[in-house]
Amino acid sequence: AQSVTQLGSHVSVSEGALVLLRCNYSSSVPPYLFWYVQYPNQGLQLLLKYTSAATLVKGINGFEAEFKKSETSFHLTKPSAHMSDAAEYFCAVSDYQAGTALIFGKGTTLSVSS
Amino acid sequence: DTGVSQDPRHKITKRGQNVTFRCDPISEHNRLYWYRQTLGQGPEFLTYFQNEAQLEKSRLLSDRFSAERPKGSFSTLEIQRTEQGDSAMYLCASSTGQNYGYTFGSGTRLTVV
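This section reports on the structure supplied with the text. In this text the structure is predicted, and so the values were computed from the model without any measurement. (Residues numbered from 1 in each chain as written. Chains lettered and ligands numbered in written order. Predicted model: local features only at pLDDT ≥ 70, side-chain atom pairs only at ≥ 80, totals over all residues. Heavy atoms only, no water.)

**Thoughts on the overall build of chain B**
Note the following rule: A run of DSSP states H or I qualifies as a helix once it reaches four residues; a run of E qualifies as a strand once it reaches two. Both are numbered from the N-terminal end. Just to be clear, the radius of gyration here is over C-alpha atoms, and the globule rule we use is 2.2 Å times residues to the power 0.38. Each residue is assigned to one of three classes by its accessible area relative to the maximum for its type, calculated with a 1.4 Å probe on protein chains only: buried under 20%, partly exposed between the two thresholds, exposed over 50%. Only heavy atoms enter the contact rule, under which two residues are in contact if any of them lie within 4.5 Å. Values of accessible area rely on a 1.4 Å probe in the Shrake-Rupley scheme; residue burial ignores everything except the protein chains shown. Note that His is not counted, nor are the chain ends; the positive residues are Lys and Arg, and the negative ones are Asp and Glu. For this purpose, a charge sits on NZ of Lys, CZ of Arg, CG of Asp or CD of Glu.
Along its length, chain B carries zero helices and 11 strands. Taken from the N to the C terminus, the helices and strands of chain B come in the order β-β-β-β-β-β-β-β-β-β-β. For 113 residues, the compact-globule estimate of 2.2 N^0.38 gives 13 Å, and chain B sits close to it at 13 Å. The burial tally for chain B puts 48% of its 113 residues in the buried class. Within chain B, contacts between residues separated by at least 24 positions form 52% of all contacts whose residues are at least 6 apart in sequence. When the accessible surface of chain B is totalled, it reaches about 5600 Å², and 43% of it is carbon and sulfur. Taking the average location of the 14 positive side-chain charges in chain B and that of its 12 negative ones, the two points are 5 Å from each other.

As structure tokens, this is what we get:
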């Protein structure tokens, strides 16, 4: 069965600092991997996705993630944090078989201080 | 394209009452998903439709829950005899395919008192 582990339920950074949110996955088949962001009382917005093309994926708002098969990881990074990045971030995994739903991690809350 | 719409945004109901939520997906998306999200947790999969066919249901979807997608367009999620444990955000998402990710609606927040 597929699963996602997000290390660290809460990450705090200063404005301008590097953002690193960790995600490890478990999948018996080649996975599709996603990062979503959720602002309070809103739905989830897709940040970026890995679907077996380039291992370094660039997303919206300056975020990127690197798929590392050997480490079963898909960590999310941003070189310089902005106050508006404060939100909840979810990593999700699926596989290429039709109909399989996305499985989400428990999320990481990112706080950004000035 | 107005995105995925969910109605209502908020619902407060008394324990034991029935509630129904509606989701209108992006028109060209043939796949529709329902998720439940409780405080401090990631979304948990409930059920999935491809067109009008309900293809997958989670064990979380007890017999008090039922979902429909008549004619492969909008979908409804009904909860009968609500319990306090049903209090959560119910999220709907739609997609055109497995590798495109989902577009989520803003959710319906249910509070059972």
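Next, the rest of the story.
**With respect to the overall build of chain A**
Looking only at helices and strands, one finds zero helices and 11 strands in chain A. Each helix (α) and strand (β) of chain A, taken in turn from the N terminus, gives the series β-β-β-β-β-β-β-β-β-β-β. Relative to the globule expectation of 13 Å for 114 residues, the C-alpha radius of gyration of chain A, 14 Å, shows essentially globular dimensions. Along the first, second and third principal axes, the C-alpha set of chain A runs to 45 × 30 × 20 Å.

**What to know about the interface of chain B and chain A**
To keep things clear, this is the line we draw: Salt bridges are defined as contacts in which a side-chain nitrogen from Lys or Arg sits within 4 Å of a carboxyl oxygen from Asp or Glu. Nitrogen and oxygen atoms within 3.5 Å of one another constitute a polar contact, given that in protein one can donate a hydrogen and the other can accept it, and given that sequence-neighbouring residues count only through two side-chain atoms. Residues are sorted three ways: Asp, Glu, Lys and Arg are charged, Ala, Val, Leu, Ile, Met, Phe, Trp, Tyr, Cys and Pro are nonpolar, and all the rest, Gly among them, are polar.
Each side of the interface is counted separately: chain B has 22 residues, and chain A has 23 residues. Between the two partners, chain B and chain A, sit zero salt bridges. There are four residue pairs in polar contact (both at pLDDT 80 or more) connecting chain B and chain A. Those elements that provide at least two residues to the side of chain B that touches chain A are β4 (31–37) and β5 (44–50) of chain B. Broken down by element, the side of chain B that touches chain A gets its largest block of residues, four residues, from β4 of chain B. Taken together, the residues of the side of chain B that touches chain A sort by class into nine nonpolar, nine polar and four charged.

**Here we look at the state of the cysteines**
For clarity, the cut-off: Working definition: a disulfide is two cysteine sulfur atoms within 2.5 Å of each other.
With the rule as written, the count across this model stands at two disulfides over all chains. Disulfide partner of C23 of chain A: C91 of chain A, at an S-S distance of 2.0 Å. Taking the torsion about the S-S bond as the criterion, the C23 of chain A to C91 of chain A disulfide, at about -65°, is left-handed. A residue pair is termed long-range when its members are at least 10 positions apart, and C23 of chain A in strand β3 (residues 19–26) and C91 of chain A in strand β9 (residues 87–95) qualify at 68 residues. A single burial state applies to C23 of chain A and to C91 of chain A, both of which are buried. Bridging C23 of chain B to C92 of chain B, the disulfide has an S-S length of 1.9 Å. Looking along the S-S bond of the C23 of chain B-C92 of chain B disulfide, the torsion reads about -70°, which is the left-handed sense.

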